[in-house]
Amino acid sequence: MNRPLGITVHRHIMDDQRLHPEATGDLTGLLNELIVAGKTISAEVNMAGLADILGQSGHTNIQGETVQKLDDYANTTIKRRLAGCGYICAMASEEDADMIEVPAGTAGKYTIAFDPLDGSSNIDVNVSVGTIFSVHRRRSASGMGEEADLLQIGRDQVAAGYIIYGSSTMLVFSTGNGVHGFTLDPSVGEFFLSHPNIRIPERSRYFSINEGNYRYWPENTRRYVEYLKDKDKESGRPYSARYIGSLVADFHRNLIVGGIFLYPLDNKNPAKPSGKLRLLYEAAPLAFLVKQAGGRAIDGEGHDILDIVPTELHQRVPLIIGSRQDVDTAEKFLAG
Ligand code: AHG
Ligand code: MN
Ligand code: MN
């Protein structure tokens with residue numbers, strides 16, 4: 001069978017690098033390390049049922065959540081790959097309470113924040129999970145990175161993306177020049193360009209929200225969801241409900257076919273007054289991608305996600321993200 005020629009992700013990254021004559025190749029190097037980490041995690045996820053890595057690791061993380069074995073595996077894989085690579089000066093991971101330092105003498109010019117495995121609750125039931133990453137240029141002059149190098153607004157990201165371990169493994173990322181999707185051909189071990197220049201439909205017919213929290217939402221959120229369920233042919237309502245419980249999977253579907261995802265404020269858990277999702281390694285990277293694809297991301301409190309200044313590594317933020325016209329409508333409801 002003569003395989004399609006196919007543009008590999010490495011070819012795509014090099015073509016992208018050529019657009020920046022001043023490039024040193026460090027971002028290319030960093031992305032290549034992330035690609036190898038993604039392939040390694042994909043191999044493990046795809047045989048999770050066989051290896052003894054299903055189930056819980058027996059400990060909880062800074063978020064107070066039970067850590068799955070695959071969370072640990074993914075986290076360790078990424079940290080080991082990136083530690084001495086020389087392209088980064090500091091890391092932040094959902095699974096590590098504090099900033100992760102790099103070995104002395106290896107500090108580079110970027111920082112990375114990542115969710116090593118998003119959608120962990122779905123691992124044991126064979127539902128898509130993913131890795132999310134966000135890259136900034138360091139702000140401190142040199143030496144070991146500081147927390148301030150990680151606490152930067154999403155608008156200043158240099159690159160952001162995710163790897164989704166689903167029916168196929170896909171890498172979707174942007175370096176500010178559009179959003180591009182690559183599908184892993186496991187028999188060759190390469191990611192091939194399968195979704196060039198992804199654009200999210202302006203308006204959609206799908207909404208993603210955990211309706212189990214209905215009673216804990218503010219009144220305006222309930223009104224918006226009721227609006228989506230009303231019958232109105234002209235605006236394509238009622239919308240269809242699609243909620244997977246893996247942010248990466250819900251986001252990816254909405255990016256491809258259109259949709260709006262909401263994890264709004266709720267008063268269910270007083271310890272989480274700002275919603276469940278984390279700004280640095282969930283909301284901000286996906287907000288960067290959706291904007292590059294023509295969509296929007298807001299917090300429902302009057303802020304674009306990309307403008308929120310982080311004050312701590314694991315801060316949570318309400319997230320309303322997806323098709324531009326749908327987010328515009330949601331914004332009006334949530335503003336009351
Ligand atoms: P993680 O597995 O990295 O902790 O993230 C899980 C998040 C996100 O993937 C998903 O959208 C959300 O949790 C689902 O939360 P609920 O189960 O409360 O709906
Ligand atoms: Mn997550
Ligand atoms: Mn996670």
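Remember, predicted model here, so these are calculated numbers, not experimental data.

### Here's the deal with the overall build of the protein
Step number 1: A tally of regular secondary structure across the protein gives eight helices and 15 strands.
Step number 2: Taken over C-alpha atoms, the radius of gyration comes to 19 Å for the protein, in line with the 20 Å a tight globule of 336 residues would show.
Step number 3: Considered along the principal axes of its C-alpha atoms, the protein spans approximately 55 × 50 × 45 Å.
Step number 4: For the protein, the residues scored as buried account for 54% of the 336 residues in total.
Step number 5: Relative to all contacts within the protein whose residues are 6 or more apart in sequence, the contacts with residues 24 or more apart total 62%.
Step number 6: Split by element, the accessible area of the protein, about 14400 Å² in all, is 50% carbon and sulfur.
Step number 7: Measuring between centres, the 34 positive side-chain charges of the protein sit 6 Å from its 42 negative side-chain charges.

### So, the coordination of the manganese ion (ligand 3)
Step number 1: Within the first shell, the manganese ion (ligand 3) binds the protein through E94 (OE), D115 (OD) and L117 (O), at distances of 2.2 to 2.3 Å.
Step number 2: Positions of the donor residues of the manganese ion (ligand 3) along the chain correspond to the pattern E-x20-D-x1-L.
Step number 3: Here the manganese ion (ligand 3) and the manganese ion (ligand 2) are spaced 3.7 Å apart, with D115 acting as a shared donor. On the criterion of sequence distance, the pair formed by E94 in the loop between β3 (88-93) and β4 (100-101) and D115 in strand β5 (residues 110-118) is long-range, its members being 21 residues apart.
Step number 4: A relative accessible area of 0% places D115 in the buried class.

### Remarks on the side chain of D250
Step number 1: As for its position among the elements, D250 is in helix α6 (residues 247-257).
Step number 2: A polar side-chain atom of D250 sits 3.2 Å from a polar atom in the side chain of R253.

### Focus on the sheet that holds strand β11 (residues 206-208)
Step number 1: Taking strand neighbours across the sheet as the criterion, the five strands line up as β12-β11-β13-β15-β14 in an open arrangement whose pairing is mixed. If you trace the sheet from one side to the other, it starts and ends with β12 (240-241) and β14 (296-298), each paired once.
Step number 2: Taken together, the two bridges between β11 and strand β13 (residues 260-263) define a ladder with parallel strand orientation. What sits directly across from F207, in β13, is I260.

### Observations regarding the domain arrangement of the protein
Step number 1: The domains assigned to the protein are domain 1 (9-195) and domain 2 (206-334).
Step number 2: Here the C-alpha centroids of domain 1 and domain 2 sit 23 Å apart.
Step number 3: Contacts between the two partners involve 49 residues from domain 1, matched on the other side by 35 residues from domain 2.
Step number 4: A buried area of about 3000 Å², summed over both sides, lies between domain 1 and domain 2, and 63% of it is on carbon and sulfur atoms.
Step number 5: The interface formed by domain 1 and domain 2 includes three salt bridges.

### Details of the pairing of β3
Step number 1: Burial analysis of β3 places six of its six residues in the buried class, the great majority of the element.
Step number 2: Judged from the two bridges that link them, β3 and β4 form a sheet pairing that is antiparallel. Paired with A90 across the strands is E101, a residue of β4.
Step number 3: What sits between the antiparallel neighbours β3 and β4 is a turn of six residues.

### Points about the packing of aromatic side chains
Step number 1: For the coordinates displayed, the defined rule picks out seven aromatic pairs.
Step number 2: Relative to F182, the ring of F173 lies with its centre 5.7 Å away and its plane at 25°, an arrangement referred to as stacked. As far as burial versus exposure is concerned, F173 and F182 are alike and both buried.
Step number 3: Aromatic pair Y227 and F333: ring centres 4.9 Å apart, planes at 45°, arrangement tilted. Taken together, the positions of Y227 in helix α5 (residues 219-229) and F333 in helix α8 (residues 324-334) put the pair 106 residues apart, joining distant regions of the chain.

### Some words on the site of ligand 1
Step number 1: In the vicinity of ligand 1, 18 residues are found, and the nearest of them are D118, G119, S120, Y243 and Y263.
Step number 2: One of the side-chain nitrogen or oxygen atoms of E94 is found 2.9 Å away from an oxygen atom of ligand 1.
Step number 3: One nitrogen or oxygen atom from the side chain of R278 is found 3.3 Å from an oxygen atom belonging to ligand 1.
Step number 4: Here ligand 1 loses 86% of its free accessible area of 470 Å² to cover by the protein chains.
Step number 5: A per-element tally of the shell around ligand 1 places β5 first, with three residues.
Step number 6: For the shell around ligand 1, the residue count by class is six nonpolar, five polar and seven charged.

### Here's the deal with the nonpolar core
Step number 1: Judged by nonpolar contacts, the single largest core of 36 residues is most densely connected at I88, I112, F133, V135 and L171.
Step number 2: Leaving out residues up to four positions away in the same chain, I88 has contacts with L30, L82, V102, T106, A107, G108, Y110, T111 and I112.
Step number 3: I198, F261, Y263 and L289 belong to the second largest nonpolar core, which has 33 residues in total.

### A word on the sheet that holds β3
Step number 1: The strand order across the open sheet formed by eight strands is β4-β3-β5-β6-β7-β8-β9-β10, and the pairing between neighbours is mixed. Of all strands in the sheet, those bounded by a partner on one side alone are β4 and β10 (190-195).
Step number 2: Bridging between strand β7 (residues 159-165) and strand β8 (residues 169-174) involves six bridges; their strand directions are antiparallel. In the sheet register, Y162 faces β8, and the bridge partner there is V172.
Step number 3: Along the sheet, helix α1 (residues 9-17) makes contact with β8, β9 (180-185) and β10, crossing β8 at roughly 5°.
Step number 4: Against the sheet, helix α2 (residues 26-45) touches β3, β5, β6 (129-137), β7, β8, β9 and β10, its axis set at about 15° to β7.

Definitions and limits used
- Residues numbered from 1 in each chain as written.
- Chains lettered and ligands numbered in written order.
- Predicted model: local features only at pLDDT ≥ 70, side-chain atom pairs only at ≥ 80, totals over all residues.
- Heavy atoms only, no water.
- Helix = DSSP H or I, 4+ residues; strand = E, 2+ residues; numbered from the N terminus.
- Rg over C-alpha atoms; globule rule 2.2 N^0.38 Å.
- Buried < 20%, exposed > 50% of the residue type's maximum accessible area, 1.4 Å probe, protein only.
- Contact = heavy atoms within 4.5 Å.
- Areas by Shrake-Rupley, 256 points an atom, 1.4 Å probe, with all protein chains shown as cover.
- Lys, Arg positive; Asp, Glu negative; His and termini not counted.
- Charge placed at Lys NZ, Arg CZ, Asp CG, Glu CD.
- Donors = N, O, S within 2.8 Å, 3.2 Å for Na, K, Ca; no water.
- Polar contact = N/O pair within 3.5 Å; in protein donor to acceptor, adjacent residues only side chain to side chain.
- Pairing = 2+ DSSP bridges.
- Domains from an automatic or database assignment.
- Buried area = accessible area lost by both parts, 1.4 Å probe.
- Salt bridge = Lys/Arg side-chain N within 4 Å of Asp/Glu carboxyl O.
- Phe/Tyr/Trp six-rings, centres within 6.5 Å; stacked < 30°, edge-to-face > 60°.
- Near = heavy atom within 4 Å.
- Nonpolar A, V, L, I, M, F, W, Y, C, P; charged D, E, K, R; others polar.
- Core = buried A, V, L, I, M, F, W, Y, C linked by side-chain atoms within 4.5 Å.
- Axes fitted to C-alpha atoms, helices over the stretch in contact; angles between N-to-C directions.

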